[in-house]
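Read off the chains here:
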Amino acid sequence: PVQPPMRNCLICSVQISECHLGVDCCLACSAFYKRTINLNKESLKCKMGTDDCTEFKAISSCRKCRFLKLCEVLEQSANPSKDQETDK
DNA sequence: TCTCAAGGTAATG
DNA sequence: CATTACCTTGAGA
Ligand SMILES: [Zn+2]
Ligand SMILES: [Zn+2]
C-alpha cells in the first residue's frame, strides 16, 4: 500500500511535520491543548451547549468542543483499548 | 552524535 | 484576547 510521507493532525487533520502531545497533532492543537489546560478547561463552555460542534466542522470554533475532540484523540492514542480492536 | 518530540514565546487578526 | 508558527532542550538509538 501507500505510506504517506507525512502525517495529519488527528484533531483538525492538517498536514504536520512533527508530532506533539504524544499524538499526531499540529502546532495549533498542541498549543491549544496546553493553553486550555493552563487556563482551566472546566471554565470552558460549548458554544451551542450540545457538545457536538466537532461533528459539523473539522475544528470547532468553540473551545470546549475543540478540547473535547482533542481529549478523545489523546486518550485513544494513550489508551490502545485492547477491546477496541474488532480484528486483532 | 543526531533526530524526534515536547514546551514556551512572539506576532497578527 | 486567542490562535499559529518557530526555536531550544532533553531523551533515545
Ligand atoms: Zn490540529
Ligand atoms: Zn461546542
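If you look chain A up in an unreviewed UniProt entry, it shows as Nuclear receptor domain-containing protein from Pristionchus entomophagus.

S.K.: Where do I start with the coordination of the zinc ion (ligand 2) in this structure?
M.R.: Six octahedral donors around a metal ideally subtend angles of 90 or 180 degrees, whereas four tetrahedral donors ideally subtend 109.5 degrees. Coordination of the zinc ion (ligand 2) by the protein involves C46 (SG), C53 (SG), C62 (SG) and C65 (SG), with metal-donor separations of 2.2 to 2.4 Å. Given 4 donor atoms and angles of 100 to 125 degrees at the metal, the environment of the zinc ion (ligand 2) is assigned as tetrahedral. The sequence pattern describing where the donors of the zinc ion (ligand 2) fall on their chain is C-x6-C-x8-C-x2-C. Residue C62 is classed as buried on the basis of its relative accessible area, which comes to 4%.

S.K.: Please clarify how the packing of aromatic side chains should be interpreted in this entry.
M.R.: Geometrically, a pair of aromatic rings is defined through the distance of the ring centres and the angle of the planes. Enumeration according to the criterion identifies 1 aromatic pair in this entry. Look at Y33 and F67: their rings are 5.8 Å apart centre to centre, the planes differ by 15 degrees, and that puts the pair in the stacked class. In this pair, Y33 is assigned in helix α1 (residues 27–39) and F67 in helix α3 (residues 63–78), connecting sequence segments 34 residues apart. Its end group placed over the ring of F32, R66 keeps NZ or CZ at 4.5 Å from the ring centre.

S.K.: Where do I start with unusual backbone geometry in this structure?
M.R.: Most peptide bonds are trans, and most residues other than glycine sit at a negative phi. Phi is positive for L21, which is not a glycine, with a value near 60 degrees. Mapped onto the secondary structure, L21 falls in the loop between β2 (15–16) and α1. Here D51, not a glycine, exhibits a phi torsion of approximately 70 degrees, which is positive. Within the secondary structure layout, D51 lies in the loop between α1 and α2 (53–56). For D51, a relative accessible area of 33% translates into the label partly exposed.

S.K.: Teacher, can you tell me more about the nonpolar core here?
M.R.: In a soluble, globular protein the nonpolar side chains are often hidden away together inside. Ranked by size, the top nonpolar core spans 13 residues in total, and within it C9, I11, C12, C25, C26, C29 and L70 carry the most contacts. Secondary-structure elements contributing two or more residues to this core are α1 and α3. Not counting residues up to four positions away in its chain, the partners in contact with I11 are C25, C29, A58, I59, K69, L70 and V73.

The rules behind each value
Residues numbered from 1 in each chain as written. Chains lettered and ligands numbered in written order. Predicted model: local features only at pLDDT ≥ 70, side-chain atom pairs only at ≥ 80, totals over all residues. Heavy atoms only, no water. Donors = N, O, S within 2.8 Å, 3.2 Å for Na, K, Ca; no water. Tetrahedral: all angles 85-135°; square planar, octahedral: opposite > 155°, others 65-115°. Buried < 20%, exposed > 50% of the residue type's maximum accessible area, 1.4 Å probe, protein only. Phe/Tyr/Trp six-rings, centres within 6.5 Å; stacked < 30°, edge-to-face > 60°. Helix = DSSP H or I, 4+ residues; strand = E, 2+ residues; numbered from the N terminus. Lys NZ or Arg CZ within 6 Å of the ring centre and 35° of its normal. Core = buried A, V, L, I, M, F, W, Y, C linked by side-chain atoms within 4.5 Å. Contact = heavy atoms within 4.5 Å.

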